[in-house]
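# Structural overview for review
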Amino acid sequence: LGCGGLALFVVWERRAPWPLVPPRLWRNRELLFLVTTCTLVYMALMVAFFVATVDAQDVRGLSPLVVGMLFIPPALGRMAASYTAGRLANRNRGLATMTWSMFAGALMLAALAFAGPLWLFVIALTATALTLGVGHQFGIVDVQVRVPGDDAGAAAGVMLTMLMLMGGLAVAVTAAAMGTDAEGVPNSASVMWTLLAWAAVVAAGGLGAWGLSPQVVAGGGR
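So, a few notes on the structure that sits alongside this text. Bear in mind the structure is a predicted one, so any value in this text is a computation, not a measurement. (Residues numbered from 1 in each chain as written. Predicted model: local features only at pLDDT ≥ 70, side-chain atom pairs only at ≥ 80, totals over all residues. Heavy atoms only, no water.)

## A short note on the overall build of the protein
Cut-off, in case you're wondering: Helix and strand definitions here come from DSSP, where helices need a minimum of 4 consecutive H or I residues and strands a minimum of 2 consecutive E residues; each element is numbered from the N-terminal end. Whether a residue is buried, partly exposed or exposed follows from its accessible area with a 1.4 Å probe, protein chains only, as a fraction of its type maximum: under 20%, in between, or over 50%, in that order. Any two residues having at least one pair of non-hydrogen atoms within 4.5 Å are treated as being in contact. To measure how exposed things are, a 1.4 Å probe is used in the Shrake-Rupley method; for residues, cover is taken only from the protein chains shown. For the purpose of charge, His is not counted, nor are the chain termini; Lys and Arg are scored as positive and Asp and Glu as negative. Here the site of a charge means atom NZ of a Lys, CZ of an Arg, CG of an Asp or CD of a Glu.
Broken down by element type, the protein carries 8 helices and 0 strands. When its helices and strands are written in sequence order, the protein yields α-α-α-α-α-α-α-α. With the principal axes as the frame, the protein shows a C-alpha extent of 55 × 45 × 30 Å. When burial is assessed residue by residue, the protein has 44% of its 222 residues classed as buried. Partitioning the intrachain contacts of the protein with sequence separation of at least 6 by distance along the chain shows that 80% fall at a separation of at least 24. About 11500 Å² of surface is accessible on the protein, with carbon and sulfur atoms providing 70% of the total. Looking at the protein, you have 12 positive and 9 negative side-chain charges, and the mean spots of the two groups are 15 Å apart.

## Section: helix 2 (residues 29–59)
Residue pairs three or four apart in sequence face the same way in an α-helix, which turns once every 3.6 residues. Using the following cut-off: A helix is expected to reach a length of 1.5 Å times the quantity of its residues less one. Side-chain atoms alone can form a polar contact between residues adjacent in sequence; in general such a contact is a pair of N or O atoms within 3.5 Å, and within protein one must be able to donate a hydrogen while the other accepts it.
Its 31 residues give helix 2 an end-to-end C-alpha distance of 43 Å, which sits within 8% of 45 Å, the value for a rise of 1.5 Å per residue. Of all 31 residues in helix 2, 23 are buried, a share of seventy percent or more. Taking the backbone nitrogen of Glu-30 as reference, a side-chain oxygen 3.1 Å away marks Asn-28 as the first, capping residue of helix 2. Where helix 2 terminates, the next one or two residues include Gly-61, which has phi positive at roughly 75°.

## Observations concerning the environment of Ser-101
Within the secondary structure, Ser-101 sits in helix 5 (residues 96–113). When its relative accessible area of 5% is taken as the criterion, Ser-101 is described as buried. Residues Ser-101 and Leu-132, 31 residues apart in the sequence, show an inter-C-alpha distance of 5.7 Å. Side-chain polar atoms of Ser-101 contact the backbone oxygen of Thr-131, separated by 2.6 Å.

## Here's the deal with the nonpolar core
Selection rule: To define a nonpolar core, start from buried Ala, Val, Leu, Ile, Met, Phe, Trp, Tyr and Cys residues and group those joined through side-chain atoms within 4.5 Å.
Leu-109, Phe-121, Met-159 and Trp-198 are the most contacted members of the largest nonpolar core, which totals 59 residues. Contributing elements (two or more residues each) for this core: helix 2, helix 3 (64–70), helix 4 (72–90), helix 5, helix 6 (118–146), helix 7 (152–177) and helix 8 (188–219). Top element by residues in this core is helix 2. It accounts for 19 residues. Apart from residues no more than four positions distant in its own chain, Met-159 is found in contact with Leu-34, Val-35, Cys-38, Gly-139, Ile-140 and Val-143.

## Some points on the pattern of salt bridges
We count it as follows: Just to be clear on terms, a salt bridge is a Lys or Arg side-chain nitrogen sitting within 4 Å of an Asp or Glu carboxyl oxygen.
Under the definition given, this model contains 2 salt bridges. With a shortest N-O distance of 2.8 Å, Arg-24 and Asp-151 are connected by a salt bridge. Note that Arg-24 is positioned in the loop between helix 1 (2–15) and helix 2 and Asp-151 in the loop between helix 6 and helix 7, a separation of 127 residues in sequence. Judged by its relative accessible area of 45%, Arg-24 falls in the partly exposed class.

## What about the packing of aromatic side chains?
For any pair of aromatic rings, geometry is given as the distance between the ring centres together with the angle between the planes. Put simply, the test is: The criterion for an aromatic pair is that two Phe, Tyr or Trp rings (for Trp, the six-membered ring) have centres within 6.5 Å, with stacked assigned to planes under 30 degrees apart, edge-to-face to planes over 60 apart and tilted to the rest.
A complete count under the given rule lists 2 aromatic pairs for this structure. The interplanar angle of 50° and the centroid separation of 5.8 Å between the aromatic rings of Phe-49 and Phe-71 together place this pair among those described as tilted. Taken together, the residues span a long stretch of sequence, with Phe-49 in helix 2 and Phe-71 in the loop between helix 3 and helix 4 at a distance of 22 residues.

## Focus: the side chain of Thr-37
One can find Thr-37 in helix 2. At 2.7 Å, the side chain of Thr-37 and the backbone oxygen of Phe-33 are in polar contact. At 3.4 Å, the side chain of Thr-37 and the backbone oxygen of Leu-34 are in polar contact. Once residues within four sequence positions are removed from consideration, Thr-37 is found in contact with Met-98, Met-102 and Ala-209.

## Side note on the packing of helix 2 against helix 5
Worth spelling out the cut-off: To get an axis, fit a line to the C-alpha atoms, keeping to the stretch in contact for a helix; angles then go from 0 to 180 degrees between the N-to-C directions. Roughly parallel means an angle under 35 degrees; roughly antiparallel, over 145; roughly perpendicular, 65 to 115; everything else is oblique. Throughout, a crossing is termed right-handed when the near helix is turned clockwise from the far one, and left-handed when it is turned anticlockwise from it by less than a right angle.
Their axes nearest at 11 Å, the elements helix 2 and helix 5 cross at an angle of 20°. Between helix 2 and helix 5, the interaxial angle falls into the category roughly parallel. For the crossing formed where helix 2 meets helix 5, the hand is left-handed. Here Phe-33, Leu-34, Thr-37, Cys-38, Leu-40, Val-41, Ala-44 and Ala-48 of helix 2 come into contact with helix 5, specifically with Met-98, Thr-99, Met-102 and Leu-109.

## Quick look at the side chain of Thr-39
Summarising the element assignment, Thr-39 is placed in helix 2. Of note is the side chain of Thr-39, whose polar atom sits 2.6 Å from the backbone oxygen of Val-35. In contact with Thr-39, other than residues within four places in its own chain, are Leu-34, Met-162, Leu-163 and Met-166.

So this is what it looks like as structure tokens:
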């Protein structure tokens, strides 16, 4: 039903005199690059927080109050990422920011997978929030810079819609795919392999972005 609705939406938008999402947006290579990479980064970020919560409560046996306190440093990491991404976008540092955010985020996801001691768990999660958060926030800000003024609002709406849709889908799929022990509770092995799988996905995305970004810039966004 969802796919059918999307198909009808595309047909309707191509014929509408004032489309909600102008079809010309999909010819903007820089927009497509930012939406794709930012969505992947956001999916990994949401999964990291979800899996870290499962790890802390179900595997490590910590109380919700303690887990909430442990998540304060990662929250500060996301705040720092927002500030950093805004400055990078204002300086027009280029689409390479997304690529390096993905490489660094993949490395931090792998570190989180092997973070045994609690202090290392907090540090790795904070670093994950910072590195992936930079890519997430940069994409949201930079999309309004690389799209012409008349279409900037629509482009930002497309970006946020994709983030919310795919972020929730990533968490749902991850929750369904995580292994459990005999009592149906996630275990340390399932946490580790889930994080490593996402680290591999993000790293692969970073390689793809690294290879495509010169072509995207050369082709222009108009």
